[in-house]
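# Observations on chain architecture
Letter by letter, the chains look like this.
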Amino acid sequence: MALAKISLEEWIQTATAQAVSFADFCVEFQSKELELTATEVLAQMEGLLSVMEESIAAGLKGPRSKGGLVGGDAQKLQRYLAGKQQSMLGSFIGKAVAYSMAVGEANAAMGRIVAAPTAGSSGVLPAILLALKEEYNIKSLDLAKGLVVAGAVGMVIASRASLAGATGGCQAECGSAGAMAAAAMVSLLGGTPSQVGNAVAITIKNMLGLVCDPVAGLVEVPCVKRNAGAVSQAVVAAEMALAGIESVIPVDEVIDAMDSVGQSMHCSLKETAQGGLAVTPTALALAEKIFGNKK
């Protein structure tokens with residue numbers, strides 16, 4: 001049974017009319033939906049944040065994936081950035097990119113992660129939240145509120161489009177994760193409800209049409225590095241929104257467009273490993289090496 005469509009624009013308008021932050025609006029909404037107190041909702045989010053931090057720490061130890069295609073790159077990037085006096089990425093994005101890859105590698109090594117919103121896109125939101133915590137000294141309780149905001153955005157996307165690569169391509173996974181992270185970022189840095197919506201719209205627009213083409217059908221290549229790309233897109237969108245830049249296309253319409261694009265995609269580009277990077281000569285050779293059969 002399909003979810004009833006939720007309007008992010010309506011939520012934004014309600015929060016604005018009530019003169020409350022989008023985070024407070026989302027916490028109250030979730031409290032009513034789950035029949036929990038705000039304290040209980042935020043406690044659950046803090047529990048998820050702990051798992052996110054643990055997955056980053058695990059990934060930075062350099063575990064190898066079960067398929068053998070990824071492992072150690074997050075650690076490599078972290079060491080490289082630590083040795084640079086001035087990185088092109090800068091301290092915040094540098095950390096976030098390394099952390100996103102760490103979670104992706106932990107996931108590929110069968111570690112414990114938070115699907116945010118999926119396993120294949122699980123590195124984006126934790127990376128942004130932990131980098132914010134370290135670079136902006138944001139308290140855990142506030143980060144928990146940011147996680148509620150991200151979850152609310154995920155709910156809207158799930159109701160209007162999809163969060164699954166098998167349905168909408170990687171735009172539905174890494175694109176949605178980036179949008180959720182951008183929303184959390186804007187909210188945590190004092191943005192208005194309207195700016196939250198613009199950050200979501202800009203992120204999705206910049207990732208519209210991204211295909212899902214896992215090499216050998218594994219959530220390893222190009223998934224881990226795409227998480228890093230989604231982090232960068234989220235930061236760009238959040239910064240633009242906080243600067244007052246608006247999306248010409250309203251956020252609900254942007255999400256609807258993502259759904260339309262996903263439906264238009266050929267099945268070979270939606271997690272089947274039958275198109276895109278998954279059918280390059282190198283990818284096919286790797287699949288045969290791993291599974292012992294020709295694709």
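Each remark here, short or long, concerns the structure printed above.
In this report, we go over the structure that sits alongside the text. (Residues numbered from 1 in each chain as written. Predicted model: local features only at pLDDT ≥ 70, side-chain atom pairs only at ≥ 80, totals over all residues. Heavy atoms only, no water.)

### What about the environment of cysteine 26?
Put simply, the rule reads: Secondary structure elements are defined from DSSP: runs of H or I of at least 4 residues count as helices, runs of E of at least 2 residues count as strands, and each element is numbered from the N terminus. Exposed residues in this analysis have more than 50% of their type's maximum accessible area, buried residues have under 20%, and partly exposed residues fall in between, with area computed by a 1.4 Å probe over protein chains only. By definition, residues are in contact when any of their heavy atoms lie within 4.5 Å.
Tracing the backbone through its elements, the reader meets cysteine 26 in helix H2 (residues 22–34). Judged by relative accessible area, which is 1%, cysteine 26 ranks as buried. Sequence separation between cysteine 26 and valine 149 is 123 residues, and the spatial gap between their C-alpha atoms is 6.0 Å. Among all residues touching cysteine 26, those that are not within four sequence positions of it are Val148, Val149 and Ala152.

### Some remarks on the packing of H2 against helix H3 (residues 38–59)
Spelled out, the test is: Between N-to-C directions, angles cover 0 to 180 degrees, with each direction set by a line fitted to C-alpha atoms, over the stretch in contact for helices. In what follows, roughly perpendicular refers to angles from 65 to 115 degrees, roughly parallel to angles under 35, roughly antiparallel to angles over 145, and oblique to any angle outside these ranges. Residue type decides the class: Asp, Glu, Lys and Arg count as charged, Ala, Val, Leu, Ile, Met, Phe, Trp, Tyr, Cys and Pro as nonpolar, and the leftover types, Gly among them, as polar.
The geometry of H2 relative to H3 is characterised by a closest axis approach of 9 Å and an angle of 100° between their N-to-C directions. On the basis of their axis angle, the class for H2 and H3 is roughly perpendicular. The segment H2 lies against H3, with Val27, Gln30, Ser31 and Leu34 engaging Ala38, Val41 and Leu42. Residues belonging to the contact of H2 with H3 are distributed by class as follows: five nonpolar, two polar and no charged.

### Comments concerning the packing of aromatic side chains
Each aromatic ring pair is characterised by the separation of its centres together with the angle its planes make. Definition in use: Between the rings of Phe, Tyr and Trp (Trp by its six-membered ring), a pair exists once the centres lie within 6.5 Å; its type follows the angle of the planes, with under 30 degrees stacked, over 60 edge-to-face, and the other angles tilted.
Evaluated as defined, the whole model comprises five aromatic pairs. On the basis of an interplanar angle of 20° and a centroid distance of 6.0 Å, the ring pair of phenylalanine 22 and phenylalanine 25 is categorised as stacked. Within this pair, phenylalanine 22 and its partner phenylalanine 25 are both found in helix H2, separated by three residues, close to a single helical turn. With 6.4 Å between their ring centres and 20° between their planes, phenylalanine 25 and phenylalanine 29 make a pair best called stacked. Taken together, the residues phenylalanine 25 and phenylalanine 29, both in helix H2 and four residues apart, mark about one turn of the helix. Every member of this aromatic cluster is reached through a ring pair, and the members are Trp11, Phe22, Phe25 and Phe29.

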